[in-house]
Amino acid sequence: MNKPRQVYRLSEIVQRFGGEVLGDSDVSISQVATLEAAGPGQISFYANSRYRKQLEQTRAEAVILDANASASTRRTRLVCRDPYAYFARVSALLNPPAAVVAGIHPLAVVHPTARVANSACVGPFVAIGAGTEVGDRTLVGANCTLGDNVRIGSDCRLHSGVSIYHDCIVGDRVILHSGVIIGADGFGLAWDGGRWHKIPQIGRVLLGDDVEVGANTTIDRGALDDTVIEEGVKLDNQIQIGHNCRIGAHTAIAGCAGVAGSTRIGRYCRIGGSAMIGGHLEIADNVEVSGATGVSKSILKAGTYTSLFPMSLHRDWLRNASHIRHLDALAGRLRDLEARLAELEGKKNE
Amino acid sequence: MNKPRQVYRLSEIVQRFGGEVLGDSDVSISQVATLEAAGPGQISFYANSRYRKQLEQTRAEAVILDANASASTRRTRLVCRDPYAYFARVSALLNPPAAVVAGIHPLAVVHPTARVANSACVGPFVAIGAGTEVGDRTLVGANCTLGDNVRIGSDCRLHSGVSIYHDCIVGDRVILHSGVIIGADGFGLAWDGGRWHKIPQIGRVLLGDDVEVGANTTIDRGALDDTVIEEGVKLDNQIQIGHNCRIGAHTAIAGCAGVAGSTRIGRYCRIGGSAMIGGHLEIADNVEVSGATGVSKSILKAGTYTSLFPMSLHRDWLRNASHIRHLDALAGRLRDLEARLAELEGKKNE
Amino acid sequence: MNKPRQVYRLSEIVQRFGGEVLGDSDVSISQVATLEAAGPGQISFYANSRYRKQLEQTRAEAVILDANASASTRRTRLVCRDPYAYFARVSALLNPPAAVVAGIHPLAVVHPTARVANSACVGPFVAIGAGTEVGDRTLVGANCTLGDNVRIGSDCRLHSGVSIYHDCIVGDRVILHSGVIIGADGFGLAWDGGRWHKIPQIGRVLLGDDVEVGANTTIDRGALDDTVIEEGVKLDNQIQIGHNCRIGAHTAIAGCAGVAGSTRIGRYCRIGGSAMIGGHLEIADNVEVSGATGVSKSILKAGTYTSLFPMSLHRDWLRNASHIRHLDALAGRLRDLEARLAELEGKKNE
């Protein structure tokens, strides 16, 4: 928050990312902020009409907005097609990740056969196993553990306390947040002789380029084949991905969701928070699953799918929900009424 | 369990916390226990009539109960208004947290610009970043990682394996259990040019005084503004709090619940286990959300809210649940029947 | 993946585990694989008719199947009663866990009063508390923290980053995956004087023999008595077990499930992923709970139980779900219709 940082004139920003300035393009921008909180030197954005009031009252140095909204404020404006995406670029420009300071901390334990790039940074209390590779400019935070024969690409960031089991492969520019576990054993059991027997999980986890994985999310290694997370997939916190799943490129999954084993999710899907997706299913490309939705069948067609019981006051819930257990009987009574009424109407018309 | 510990006479306990002893107030109390398990020197409590039988059979040295129940046993009784709250105080008296042994373990890595109080305890394999402060008598357990410019108050307990990202602020008397992640990036993405772009998360997490956070719970840093957990909030295990949420003072949330980004929960709320609360919502003060309830709309009035599909045997569920997809048609058929029957009744009365 | 490993002739496998070879029993088997991926030296299995096509096309060296299926391929067959369980044994034979290399890493911190077996392996950055015991051939991975007076049996595997709080007891042959937290405080609070007061959690966690616990799963210590996980219980990832629960022997629970405090689950149960089981409940032996099911009442009889709201396209959900809040009124209107129709029919027959 308090780091000195690079400052850009609005004109420089427009030169990089396009768009048009209405007002003084010489103003200096040092940080992004919300419409409500922004002050001198800060740029904000307006992308949703529910923030109209905040737009009118903002003291931001400049506001990113689209042509339709450009008359709504007299502050300096940066007019573009997609204000939110534009804002994302400006914020990334103003807030680059901290530079990686190359070197292996003296209190890290790196196996002699591991290959850590000279430009990589390995923090204290990191254990790196035999044959493991860490790519250029990759940061491995404190207290991470990398098993044997792991391969991590370049420009990755492993925050503190990440564990990666043996043989897993991580692409380039991957971000793993604290507490992420990659490659723990899948839940593979066979019932035999009155007890469960563990099935060795000999597959791996493959994470594609530009994947981001949120805090405490777990991705299990495959039982026989690999678990695959394709490029550009974004996983939020506390998600569980079962063994042998495949998550298609550029799919985003929100927090607390679970995907049971051997399920294949397509590309460009959006899965809501706390959604539960059963095992051995197929989810097509471009499917959206609402939050808290349970998916127990394959979804073969793009669209938005939901399975939430509507919330109400508990006393109303008690009264209404009690009928759920009798819906079949209720439907039967309705059919019976229809038949009897039709008969009565028939007689009437005789 | 086996530590020698302080012993109190019943009379001393009453002197501290009030209440009245029926029986021998000279008996010594060394520990609390359930009615079923308690023996000599142990005090139990009775606060729920379903344990009447255990009360009758208990061999506890003394029992905490209210006036209505005081005739139900002949054991020594400690009569008070709220037996459970009284028991909590007695247990806290008998089971104080282990004293913090001041000092920084030689195998901790503390940045030279960090300020760790002389009375604080920093365990082995702890990494503490630049500019970070650790307050008086605060315990930082083994394998914790504190980023740069973190501020931790006094009398806090960070159990092993906690990660706190840069710039986050923790109040006094805060307890963070193992695996807690404070301040990981929120799930902020912009879709642009056929792929997700990460939006830098430049807000912080602010934890108020007397907050307790359960094992493996994650609280994301704000996107622009801060994520705020107000004083006295109690979070159970494996909870996910999204970026820019605000949780009001003294709210308690049970395990596995998730709160999506930018939602504001009021004060004195109680959120049940596995509840899922959507993003950008407002929850009023004193709201209770039942376990496993999905909240997809704001709740503006105190009360208890539920959205659980009633459980039944799977074969009954199959039969009844199949009608859910036809409820609208069913309601239409009902309206149709009503109209036809009214017409028939009209004719009848002609 | 690339380790040299032991190779077995098919005849040796049959000698160990029974069954009958159809074809060349001299072939050498070095690894298991799916029907689709298997090649020379690899054995696969066929246990589900949906993989019939893969069976016909497999290039596996040999296939494990039952008598009914033995005519479906000309590859070398190993015929047995239960192909999946047989496959599990073969895979365990071919993929034994890596041998434990005895010794304590110089960068581990072991309290002088702790007793670590000479045959145990303690990795780097492990902290072991006072009075704690680690049994024969047990592996404690990097960055684990064991509190005071913990007892771990023999032949256990604690993967990296496991935390076990003081006084907890772990049986023999227990596997704890990365990020597991055993014995954090249960969620015990008393409301008193306008704020929550913490109730000391003085019970322990007891894990029986042959228990496996998945990544980032948390099991809370008991409030007064112990939390007990009986022998052979298998817990998947990201499960939360509340204080004072008892999970009966050989029960399996899938990922993301939660069990609230003081609930007793019987033996041989199977709990689906993301299921939520409320507190203070009794679940009988041999109960199966479907994925994403919320259990708010005790289940006293074996059987399969479900509470999922059926998923549909969001627009259909909107239309149908809106009636849920009026089910009681709808049922009332149906009763009314029945009465009126009966009256009409009565008149008709007059």
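Up top is the structure these notes are about.
Each residue is numbered by its place in its chain's sequence as written, counting from 1. Here chains are named by letter from A upward and ligands by number from 1 upward, in the order in which they appear as written. Totals for whole chains, interfaces and linings use every residue, but because this is a predicted model, local features are given only for residues with pLDDT of at least 70 and side-chain atom pairs only at 80 or more, for both listing and counting. To get the side-chain values, take all heavy atoms of the structure and skip hydrogens and water.

A. Quick peek at the overall build of chain A. The helix and strand inventory of chain A stands at five helices and 40 strands. Computed over the C-alpha atoms, the radius of gyration of chain A is 27 Å, more than 25% above the 20 Å expected from 2.2 N^0.38 for a compact globule of 350 residues. Counting only C-alpha atoms, chain A reaches 90 × 70 × 35 Å along its principal axes. Taking all 350 residues of chain A together, the buried fraction comes to 59%. By the convention used here, residues are in contact when the closest approach between their heavy atoms is within 4.5 Å. The long-range fraction of contacts in chain A, counting pairs at least 24 apart against all pairs at least 6 apart in sequence, stands at 19%. Areas reported as accessible are Shrake-Rupley estimates using a 1.4 Å probe. Residue values count occlusion only from the protein chains shown. With the model as given, the accessible surface of chain A reaches about 13,900 Å², and the carbon-plus-sulfur share is 48%. Where the 37 positive side-chain charges of chain A centre and where its 36 negative ones centre are 5 Å apart. Put simply, DSSP marks the helices as runs of H or I at least four residues long and the strands as runs of E at least two long, and each gets a number from the N terminus on. C-alpha atoms define the radius of gyration, and 2.2 Å times the number of residues to the power 0.38 defines the globule rule. Burial classification: accessible surface area is computed with a 1.4 Å probe over protein chains only, and a residue below 20% of its type maximum counts as buried, one above 50% as exposed, and the rest as partly exposed. Residues counted as positive are Lys and Arg, residues counted as negative are Asp and Glu, and His and the chain ends are not counted. Charge positions come from single atoms, namely NZ of Lys, CZ of Arg, CG of Asp or CD of Glu.

B. Geometry of the relation of the copies chain C and chain B. Superposing the copies works by least squares over the C-alpha atoms of residues that have pLDDT at least 70 in both of them. For the pair chain C and chain B, the relating rotation is 120 degrees, the translation along its axis is 0.0 Å, and the fit reaches an RMSD of 0.0 Å. The relationship between the two copies is best expressed as a three-fold rotation axis.

C. Fine view of the interface of chain A and chain B. At the interface, 78 residues of chain A touch 71 residues of chain B. A simple way to read buried area is as the amount of 1.4 Å-probe accessible surface that goes missing from two parts once joined, with both sides added. Counting the surface lost from both chain A and chain B, the interface buries some 6,200 Å², and carbon and sulfur atoms represent 63% of this. We define a salt bridge as a contact between a side-chain nitrogen of Lys or Arg and a carboxyl oxygen of Asp or Glu at a distance within 4 Å. Between chain A and chain B we count six salt bridges in total. For Asp 192 of chain B, the salt bridge goes to Arg 89 of chain A, with nearest N and O atoms at 2.9 Å. Counted as a polar contact is a pair of N or O atoms within 3.5 Å, where, for protein atoms, one must be capable of donating a hydrogen and the other of accepting one, and residues adjacent in sequence contribute only when both atoms are in side chains. Our count for the chain A to chain B interface comes out at 30 residue pairs in polar contact (both at pLDDT 80 or more). The biggest single contributor to the side of chain A that touches chain B is helix α5 (residues 327–349) of chain A, with 13 residues. Under the scheme applied, nonpolar residues are Ala, Val, Leu, Ile, Met, Phe, Trp, Tyr, Cys and Pro; charged residues are Asp, Glu, Lys and Arg; polar residues are all the others, including Gly. Counted by class, the side of chain A that touches chain B contains 40 nonpolar, 23 polar and 15 charged residues. Pairs of strands are assigned from DSSP output, requiring at least two bridges between the strands. Pairing between strand β40 (residues 312–313) of chain A and strand β39 (residues 303–306) of chain B: two bridges, direction antiparallel. Paired with Leu 313 of chain A across the two strands is Tyr 305 of chain B, which belongs to β39 of chain B.

D. The arrangement of the packing of helix α1 (residues 10–17) of chain B against helix α3 (residues 83–94) of chain B in detail. Residue and element names in this part refer to chain B. Look at α1 against α3: their axes get within 11 Å of each other, and the N-to-C directions meet at 115 degrees. When the axes of α1 and α3 are compared, the crossing they make is right-handed. Only Tyr 86, Arg 89, Val 90 and Leu 93 of α3 make contact with α1, whose side of the interface consists of Ile 13, Val 14, Arg 16 and Phe 17. Fitting a line to C-alpha atoms yields each axis, with helices limited to the stretch in contact; the angle taken between N-to-C directions then spans 0 to 180 degrees. Crossing chirality is assigned from the near helix's rotation relative to the far helix, an anticlockwise turn below a right angle marking it left-handed and a clockwise turn marking it right-handed.

E. Spatial organisation of the side chain of Ser 307 of chain B. On the secondary structure map, Ser 307 of chain B appears in the loop between β39 and β40 (312–313). Judged by its relative accessible area of 4%, Ser 307 of chain B falls in the buried class. A distance of 2.9 Å separates the side chain of Ser 307 of chain B from the backbone nitrogen of Gly 294 of chain B, its partner in a polar contact. Contacts of Ser 307 of chain B, omitting those with residues within four sequence positions, involve Phe 309, Pro 310, Met 311 and Trp 317 of chain A together with Ala 292, Thr 293 and Gly 294 of chain B.

F. Up close: the sheet that holds strand β26 (residues 218–220) of chain B. Residues and elements named next belong to chain B. Taken in spatial order, the ten strands line up as β9-β12-β15-β18-β21-β26-β29-β32-β35-β38 in an open sheet, and their pairing is parallel. Where the open sheet ends on each side, the last strands, each with one partner, are β9 (109–110) and β38 (294–295). When strand β32 (residues 258–259) meets strand β35 (residues 276–277), the two strands line up parallel, connected through two bridges. Its bridge partner being in β35, Gly 258 is matched across the sheet by Met 276.

G. View of the sheet that holds strand β33 (residues 264–265) of chain B. All names here are of chain B. Reading across from one edge, β10-β13-β16-β19-β24-β27-β30-β33-β36 is the order of the nine strands in this open sheet, with parallel pairing throughout. Both outer strands of the open sheet, β10 (115–116) and β36 (282–283), are each paired with one neighbouring strand and no more. In terms of strand pairing, strand β19 (residues 169–170) meets strand β24 (residues 205–207) through two bridges, oriented parallel. Across the sheet, the residue bridging to Ile 169 is Leu 206, located in β24.

H. Highlighting the interface of chain C and chain B. The interface is formed by 71 residues belonging to chain C together with 78 residues belonging to chain B. For the chain C face of the interface with chain B, the top three residues by lost area are Phe 187, Trp 196 and Leu 224 of chain C, together amounting to 10%. Taken together, chain C and chain B are joined by six salt bridges. Viewed at the interface, chain B and chain C are joined by 30 residue pairs in polar contact (both at pLDDT 80 or more). Of all the secondary structure elements, the ones that give two or more residues to the side of chain C that touches chain B are β21 (181–184), β22 (189–192), β23 (195–198), β26 (218–220), β38 (294–295), β39 (303–306), α4 (314–321) and α5 (327–349) of chain C. For the side of chain C that touches chain B, the element with the most residues is α5 of chain C, which contributes nine residues. Taken together, the residues of the side of chain C that touches chain B break down into 35 nonpolar, 23 polar and 13 charged.

I. Structural view of the side chain of Asp 210 of chain A. The residue Asp 210 of chain A is located in the loop between β24 (205–207) and β25 (212–213) in this model. A distance of 3.3 Å separates polar atoms of two side chains, one belonging to Asp 210 of chain A and the other to Arg 195 of chain B. Beyond its immediate sequence surroundings of up to four residues, Asp 210 of chain A is in contact with Asp 172, Arg 173, Val 174, Gly 232, Val 233 and Lys 234 of chain A together with Arg 195 of chain B.

J. Molecular detail of the pattern of salt bridges. Counting across every chain of the model gives 51 salt bridges over all chains. One salt bridge connects Asp 155 of chain C with Arg 137 of chain C, and the closest N-O pair in it is separated by 2.7 Å. Of this pair, Asp 155 of chain C sits in the loop between β16 (151–152) and β17 (157–158) while Arg 137 of chain C sits in the loop between β13 (133–134) and β14 (139–140), and the two are 18 residues apart along the sequence. When salt bridges with common partners are traced through the structure, they connect Arg 173 and Asp 210 of chain A together with Arg 195 of chain B into a single cluster.

K. Focus on the packing of aromatic side chains. For Phe, Tyr and Trp, where Trp contributes only its six-membered ring, two rings pair if their centres lie within 6.5 Å, and the inter-plane angle classes them as stacked under 30 degrees, edge-to-face over 60, or tilted in between. A complete count under the given rule lists 24 aromatic pairs over all chains for this structure. Note on Tyr 84 of chain B and Phe 87 of chain B: the rings are 6.2 Å apart at their centroids and 25 degrees apart in plane angle, and the pair reads as stacked. Of the two residues, Tyr 84 of chain B and Phe 87 of chain B both sit in helix α3, three residues apart, roughly one turn of that helix. Among the residues examined, Phe 87 of chain B registers a relative accessible area of 2% and is labelled buried. Taken together, a centroid distance of 6.0 Å and an interplanar angle of 85 degrees make the contact between Phe 17 of chain C and Tyr 86 of chain C edge-to-face. Here Phe 17 of chain C is found in helix α1 (residues 10–17), whereas its partner Tyr 86 of chain C is found in helix α3 (residues 83–94), with 69 residues between them in sequence. With relative accessibility at 22%, the residue Phe 17 of chain C sits in the partly exposed group. Judged by relative accessible area, Tyr 86 of chain C falls into the buried class, the value being 6%. Pairwise contacts between aromatic rings join Phe 45, Tyr 84 and Phe 87 of chain A into one cluster.

L. Region of interest: unusual backbone geometry. Positive phi, close to 60 degrees, is recorded for His 280 of chain A, a residue that is not glycine. Secondary-structure assignment places His 280 of chain A in the loop between β35 (276–277) and β36 (282–283). The phi angle at Asn 216 of chain B is positive, at roughly 65 degrees, despite the residue not being glycine. Tracing the chain through its elements places Asn 216 of chain B in the loop between β25 (212–213) and β26.

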